[in-house]
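Below are the chains, spelled out letter by letter.
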Amino acid sequence: MLDIKFIKENKDLVAQITKNKNREIDFDELLKLGDERKRLRTEIDEINKKRNEAQRERNVAVGSQLKTELEQVEKDFGDVDKKFVSLMLKVPNIYSPDTPVGSDESANVAIRQWGEKPNFDFKPKEHDEIGRNLGIIDSETAGEVSGSRFTYIKGDLAMLQFALLQFALNVVTNKETLEKITKDAGLNIPVSTFTPIIPPVFIKPAVQNRMARFMTPEDHYMFPNDDLMLIGSAEHTLGPIYMDKIIEEKDLPIRVAGYSTAFRREAGTYGKDTKGIIRQHQFDKLEMESFTLPEHSLQEQDFLVAIQEYILQSLKLPYQVVAVCTGDMGFPDYRQIDLETWMPGQEKYRETHSADHTGNFQSRRLNTRVKRADGSIEPVHMNDATVVAMGRTLIAILENYQQADGSVMIPEVLRSYMGKDEINRK
RNA sequence: GGAGGGGUCGCAUAGUGGUCUAGUGCGGUAGUCUUGAAAACUACUGUACCGCAAGGUACCGCGAGUUCGAAUCUCGCCCCCUCCGCCA
């Protein structure tokens with residue numbers, strides 16, 4: 001959520017930004033409600049003051065009169081406040097000056113590319129065919145047992161996921177590795193390791209709301225009987241860890257890495273990405289979340305992206321870094337950077353990583369703040385980013401490392417975790 | 001799932017209708033003392049909003065209610081703890 005004062009002082013800018021983010025808000029109405037709300041708030045304070053005086057004097061008659069008066073004003077305030085808040089929640093975050101402006105993903109800009117796309121002396125297959133042939137992806141049985149967009153990941157492919165997880169955890173928990181990544185990226189921020197977390201996969205809708213991400217029953221699995229919903233990303237339960245808390249400046253940055261299953265209903269994607277495991281109702285993911293000082297947050301995002309690149313480079317998977325444009329970026333994002341990994345079977349770069357810089361947009365609603373050394377208090381800045389999205393990274397490995405005979409080589413860095421160097425048909 | 005206990009200004013506690021503008025201890029900050037440190041002593045030490053300021057208002061898990069007046073009484077909800085049951 002933005003600050004109403006900021007909106008008031010930068011009305012035209014915010015209006016333009018909102019438009020570029022493909023949203024529409026009546027800012028005149030919003031500011032009018034804001035003023036009205038403030039006026040009623042002041043009125044309530046004044047009545048309360050008189051009420052406190054009457055109370056001290058034990059003046060029952062005046063107290064009784066003020067009580068009636070207050071009821072009406074509080075009701076008016078409640079009405080205005082409700083309208084005001086619901087409008088405020090629709091205002092998207094502002095975006096960084098280097099964000100490309102555009103209405104959809106076609107305006108996204110590839111900033112850089114890394115790696116050589118592999119050359120095959122045969123026609124590379126898509127991952128679902130490779131997986132089916134090797135007996136490590138079974139969508140048919142999952143379809144019967146659980147429905148579409150569910151899969152059994154079996155045998156060596158399951159092992160490969162755990163190898164990936166172990167490798168990725170070793171990266172984000174190793175101080176020397178992170179220092180090297182920071183130095184190579186030319187960044188000047190405090191380096192600390194990520195605390196590994198296995199977070200809850202259920203969240204209260206009220207808390208999910210405070211992450212300032214749109215929560216709709218079309219996208220998420222809801223359990224109204226229990227007032228719970230399934231998370232769509234570990235970010236959803238990592239972000240609120242410090243809600244309603246004030247963190248000391250000396251304790252920042254705080255960095256966590258959460259491994260969980262992510263659940264998505266994928267309504268409205270019928271017929272899209274139906275092959276294999278590219279778009280599933282559930283997939284596992286290791287996700288980073290950072291809480292930093294405002295002046296460090298942009299570099300923090302660069303740091304998170306550098307970690308993502310380090311991992312893909314270690315796996316020797318070709319990728320491109322993409323600046324996501326205004327119309328395609330997330331509602332709470334100040335700057336969004338995606339990594340797209342080359343998938344030879346599909347002959348396309350596909351999104352495998354995302355890094356969201358949300359500034360203080362989420363922390364305002366979560367009420368997560370930092371107390372500076374000088375005693376002042378302000379919202380922290382938050383960043384979240386993928387370390388490894390298991391399903392899509394498994395796809396990238398299957399397609400990039402496939403051999404003519406249908407077997408798949410294991411990326412070198414994962415071999416020690418796997419105890420073998422290729423996946424063969426049993 | 002059953003029974004009971006509890007959520008108070010960082011932490012621990014006091015507070016059962018008006019003197020609570022929430023007491024005390026610990027922790028923290030500053031000072032006195034000291035060669036330095038410790039101890040002791042003194043002062044300060046929650047958050048948000050309005051206001052140039054003085055100051056004001058709100059917040060005792062959350063939300064409603066009773067009352068002239070609620071941390072305190074009533075109702076609903078959330079969370080934590082103990083015991084029993086069940087269970088990876």
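Computed from a predicted model, the values in this text were never measured in an experiment.

(A) Here's a closer look at the overall build of chain A. Counting secondary structure elements, chain A contains 14 helices and 18 strands. Dimensions of chain A, computed from C-alpha atoms along their principal axes, come out at roughly 95 × 50 × 40 Å. A buried classification covers 38% of the 426 residues belonging to chain A. If you take every contact in chain A between residues at least 6 apart in sequence, the share linking residues at least 24 apart comes to 72%.

(B) Region of the structure containing the sheet that holds strand β6 (residues 222-223). Spatially, three strands are ordered β5-β7-β6 in an open sheet, and the strand pairing comes out antiparallel. For this open sheet the edge positions go to β5 (202-203) and β6, each flanked by a neighbour on one side alone. The pairing of β5 with strand β7 (residues 228-230) spans two bridges and is antiparallel. Opposite F202, over in β7, you have L230 as the bridge partner.

(C) Structural detail: helix α13 (residues 390-400). Of all eleven residues in α13, eleven are buried, a share of seventy percent or more. Turning to α13, its buried residues are M390, G391, R392, T393, L394, I395, A396, I397, L398, E399 and N400.

(D) Spatial organisation of the sheet that holds strand β8 (residues 246-248). The three strands are arranged β8-β14-β15 in an open sheet whose pairing can be described as mixed. Where the open sheet ends on each side, the last strands, each with one partner, are β8 and β15 (377-379). Here the strands of the sheet are splayed against their neighbours by 35° on average, with no regard to which way each runs. As paired strands, strand β14 (residues 369-371) and β15 are joined by three bridges and run antiparallel to one another. Considered in β15, the bridge of V370 is made with E378.

(E) Looking closely at the protein's contact with RNA strand B. RNA strand B sits among 15 residues. The nearest are D45, N48, K49, G63 and S64. Top contributing element to the surface near RNA strand B by residue count: helix α3 (residues 27-56), with nine residues. Residue composition of the surface near RNA strand B, grouped by class: three nonpolar, six polar and six charged.

(F) Representation of the environment of K90. Take K90: it is sitting in the loop between α4 (60-88) and β1 (109-114). A tally of 16 C-beta atoms within 10 Å means that K90 is categorised as partly exposed. In this structure the C-alpha to C-alpha distance between K90 and H236, which are 146 residues apart in sequence, comes to 19 Å. Contacts of K90, omitting those with residues within four sequence positions, involve R23 and I25.

(G) The packing of helix α7 (residues 155-172) against α13, seen in detail. Between α7 and α13, the least distance of the axes is 10 Å, while the angle of their chain directions is 110°. One finds that α7 runs roughly perpendicular with respect to α13. The handedness of the crossing between α7 and α13 comes out as right-handed. Of the residues in α13, those touching α7 at L157, L160, Q161 and L164 are M390, T393, L394 and I397.

(H) Summary view of α4. With 29 residues, α4 should reach 42 Å at 1.5 Å per residue; the first-to-last C-alpha distance of 40 Å fits that figure. Those residues of α4 not exposed but buried are L66, V80 and F84. Structurally, α4 contributes buried residues whose contacts are with α3.

(I) View of the packing of helix α5 (residues 127-134) against α13. At a minimum axis separation of 9 Å, α5 and α13 run at an interaxial angle of 80°. In this view, α5 runs roughly perpendicular relative to α13, as classed from their interaxial angle. Each of H127, I130 and G131 in α5 lies in contact with α13, whose residues at this interface are I395, L398 and E399.

Conventions we followed
- Residues numbered from 1 in each chain as written.
- Chains lettered and ligands numbered in written order.
- Predicted model: local features only at pLDDT ≥ 70, side-chain atom pairs only at ≥ 80, totals over all residues.
- Helix = DSSP H or I, 4+ residues; strand = E, 2+ residues; numbered from the N terminus.
- Buried ≥ 20, exposed ≤ 12 C-beta atoms within 10 Å, placed from the backbone.
- Contact = placed C-beta atoms within 7 Å.
- Pairing = 2+ DSSP bridges.
- Axes fitted to C-alpha atoms, helices over the stretch in contact; angles between N-to-C directions.
- Near = placed C-beta within 6 Å.
- Nonpolar A, V, L, I, M, F, W, Y, C, P; charged D, E, K, R; others polar.
- Parallel < 35°, antiparallel > 145°, perpendicular 65-115°, else oblique.
- Left-handed = near helix turned anticlockwise from the far one by under 90°.
- Expected span 1.5 Å × (residues − 1).

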